[in-house]
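Structural description and commentary
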Amino acid sequence: MQDTTSKGHLRMGLVATDPLRVLGLQTLFEEDGPVEVVPLSVPGALDASGVSLILIDAACTEHIFELLATFRRTRPHLKLIVLGLEGDHDYIQRVIGAGAKGYLTHSAKESEIRMAIDIVQDGSVWAPRKVMARLLESSSASAEAAKDRALSAPTLNEREGQV
């Protein structure tokens, strides 16, 4: 399944119910043409072929975490960026933890949107710095806890092992 056209353009899905948001993003990428925006419905996004990245407007569903879990389960290689109103770092961390590769607020500037798409397409995560720092801290804390559990496991001498 290819995610680009023969000219190297990215086909990006957009799940949004606000026609102005769809038109705005299509217009944003129309000028120089590096990205083709393909409008999708929530159920249609799961079956969308030819796209490797999907922008999901969190305002179009009350069940964003369930939708992210479904994508993670059925299309694990698909890269997802969530657009939302929330600026709360806990919420954004939950969105990233649920499987999104990026988070942008509805007020994101054109340059930020383009940069987020490039970074996510390259395999990295796009989120505010504080969220990224918290994700790194929590993953390193989890690794340390696993290491501590492994080290604190009782060791058996030869006879105890035989018994």
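Anything mentioned here points back to the structure above.
Presented here is an overview of the structure given in this document. Everything numeric in this text was worked out from a predicted model, so none of it was measured. (Residues numbered from 1 in each chain as written. Predicted model: local features only at pLDDT ≥ 70, side-chain atom pairs only at ≥ 80, totals over all residues. Heavy atoms only, no water.)

1. Notes on the environment of K101
As for its position among the elements, K101 is in the loop between α4 (89-97) and β5 (102-105). Between the C-alpha atoms of K101 and G123, which are 22 residues apart in sequence, the distance is 8.3 Å. Excluding its chain neighbours within four sequence positions, the residues that come into contact with K101 are K79, L80, I96, V120, S124, V125 and W126. (Helix = DSSP H or I, 4+ residues; strand = E, 2+ residues; numbered from the N terminus. Contact = heavy atoms within 4.5 Å.)

2. Some points on the pattern of salt bridges
Per the stated rule, a full pass over the model turns up four salt bridges. One salt bridge in this structure joins E36 and R11, with 3.3 Å as the shortest N-O distance. Within this pair, whereas E36 is found in strand β2 (residues 35-40), its partner R11 is found in strand β1 (residues 10-15), the two being separated by 25 residues in sequence. Given a relative accessible area of 36%, E36 falls into the partly exposed group. You can call R11 partly exposed: its relative accessible area is 23%. Note that E110 is salt-bridged to R114, the shortest N-O span being 3.1 Å. Placement of both E110 and R114 in helix α5 (residues 110-121) is noted, with a separation of four residues, approximately one turn of the helix. Look at the salt bridges and you will find they share partners, linking D18, R21 and D57 into a network. (Salt bridge = Lys/Arg side-chain N within 4 Å of Asp/Glu carboxyl O. Buried < 20%, exposed > 50% of the residue type's maximum accessible area, 1.4 Å probe, protein only.)

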